[in-house]
Each structure stands twice: as structure tokens, then as C-alpha cells.
Amino acid sequence: MSRTYWAAGAAVLLALLTAVAATVAAASGGDGPGTAARTPGLYSADAGFARDMAVHHQQAVEMSFVVRDRTQDEAVRGLAYDIANTQANQRGMLLGWLDLWGLPKVVADEPPMSWMGTTEGHGAHGSHDAGGHDMGGHDMGGAAAKPGALMPGMATKEEISQLGAAQGRDAEVLYLQLMTEHHKGGVAMARGCAAQCATPAERALAQGMVEAQQAELTLMADMLRQRGAAPRG
């Protein structure tokens, strides 16, 4: 358990360092010597991922703060703190990139996850028709959005309410189950950006998310077993 927690913590730290480096690269206006800055288009994978993952991360932060008030278990509280801190920082970076690119944080006619079908125009100044986007055949790793959820892995309003009403072990188990689903969806989304986003700094951040959240998935599976429970489905 301690080795698993150390590995997860190291992956999270690496993801934060990657995010900082990615932000510096993006703010410098390029991704290396002699590289010209390229502004992603409104409907590009780069912009779509930044918008969607910012929303996805916000819910993880919310759930983590909720469970910290519902249990005194130090392992769960520590995990919740790490997730909230990491994802709040990454969310700020994603939103900051949108500001740097001069792009809105919300696009009314853009369905969630539509960027996953974007296969051309990455990093270009042009835009794509949001209505023409679909999942593009991407494997979401079984992390499809459930009824009532905006994006893969996200909890529904009812599930958030259940977490807020739970206490002790019940709250711990529900949080770990919900966050396991949340991370699986987040990993699938981050892999999509790592494969599709045109901005190298953003691809690096997405790959850091994949590695950190996979480590936390292993940790959460161990924590659920310790509590006589298992991930859903």
C-alpha cells in the first residue's frame, strides 16, 4: 500500500511539474527554439480538450472537498487533497491557455466531447463545424458518459448528493468508486488530446494526466479492497 501511494504521489508530482513546464512553454509563444506560436482554432482538439477537461477537473475538486468533510480517514483525506490540489492547478492552466489563445471558455453550440472527432485543422486559425463532430471512432475505454452526466466518468447530480449525505466508510467507498469512474473518463480524454492536440505543451500536460491518474487508479483499487469493496461495473 505504501509503495502504491508513493508511486501515485510521484506520478502526481511529475504531472504538476509537467504542467508548469507546459505553461511556461505556452506562455513563451512557442514550443522550442525557432518554433512559431500557433493559435488553435475555436473548435480544435486543443481548445475543446481545454474547455472539457476544465469542467471535468472541477467536479473532481468538488467531490474531493465533499469527502474531506465526510470522513476522518487520513488515507482518503490525503488522496482527496492531492486530487483537489493537482486538478485545481491543471484546471487553472487549461483556462489560462484559452485566455492566451483569445478563445472563450464556453461555446454554446459545442457539444461536450465533440473535439474527440476533430481530425484536421489542429492548431490552425480556422474553425470546424461543431455539429459535424462525433466520437470519431475513438475508444473511450469503457468510460462512456452515463445518463445525467456531461462527459465520460463524471458523476451525476444524484451521485454528488449521495456523497454529500454519506458518512465514514460509506462516504469513503462511494468517493473511491465515483473517482475511479471519473479518472477512467479523464484518462480516456487525456489520451485523446495526447494523440490529437497540436500544441506540444498541451500534449505533454495530457500525457502527464494519463500517468498520474493511472497511478491513482491503482491506489484507489487497493483502498477499495481494504474496505471490502470494489470499483463499480
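Residues numbered from 1 in each chain as written. Predicted model: local features only at pLDDT ≥ 70, side-chain atom pairs only at ≥ 80, totals over all residues. Heavy atoms only, no water.

(A) Spatial organisation of the overall build of the protein chain. From N to C terminus, the protein chain includes six helices and zero strands. In sequence order, the secondary structure elements of the protein chain are arranged as α-α-α-α-α-α. A burial count over the protein chain gives 52% of its 233 residues as buried. Taking contacts inside the protein chain between residues at least 6 apart in sequence as the whole, the part at least 24 apart equals 78%. Total accessible area computed for the protein chain in this model is approximately 10400 Å², and 55% of it derives from carbon and sulfur atoms. (Helix = DSSP H or I, 4+ residues; strand = E, 2+ residues; numbered from the N terminus. Buried < 20%, exposed > 50% of the residue type's maximum accessible area, 1.4 Å probe, protein only. Contact = heavy atoms within 4.5 Å. Areas by Shrake-Rupley, 256 points an atom, 1.4 Å probe, with all protein chains shown as cover.)

(B) Spatial organisation of the pattern of salt bridges. The tally for this structure, following the rule as stated, stands at seven salt bridges. Residue Arg-227 pairs with Asp-73 through a salt bridge whose shortest N-O separation is 2.9 Å. With a gap of 154 residues between them, Arg-227 in the segment after α6 (200-226) and Asp-73 in the loop between α2 (45-68) and α3 (74-101) connect regions that are remote in the sequence. By relative accessible area, which is 12% here, Arg-227 ends up buried. Of the residues examined, Asp-73 reaches a relative accessible area of 24% and is grouped as partly exposed. One continuous salt-bridge network, built from bridges that share partners, spans Asp-73, Glu-172 and Arg-227. (Salt bridge = Lys/Arg side-chain N within 4 Å of Asp/Glu carboxyl O.)

(C) Broad picture of unusual backbone geometry. Its identity as a non-glycine residue notwithstanding, Met-113 has a phi of 75°, on the positive side. Classification of Met-113 by relative accessible area gives buried; the value is 5%.

(D) Representation of the packing of α3 against α6 within the structure. Two elements in contact, α3 and α6, have axes whose closest approach is 12 Å; the angle formed by their N-to-C orientations is 165°. In terms of axis orientation, α3 runs roughly antiparallel to α6. Crossing handedness for the pair α3 and α6: left-handed. Only Ala-201, Glu-202, Leu-205, Met-209, Gln-213, Glu-216, Leu-219, Met-220 and Met-223 of α6 make contact with α3, whose side of the interface consists of Ala-75, Val-76, Leu-79, Ile-83, Gln-87, Gln-90, Leu-94, Trp-97 and Trp-101. The class makeup of the residues in the contact of α3 with α6 is 13 nonpolar, three polar and two charged. (Axes fitted to C-alpha atoms, helices over the stretch in contact; angles between N-to-C directions. Parallel < 35°, antiparallel > 145°, perpendicular 65-115°, else oblique. Left-handed = near helix turned anticlockwise from the far one by under 90°. Nonpolar A, V, L, I, M, F, W, Y, C, P; charged D, E, K, R; others polar.)

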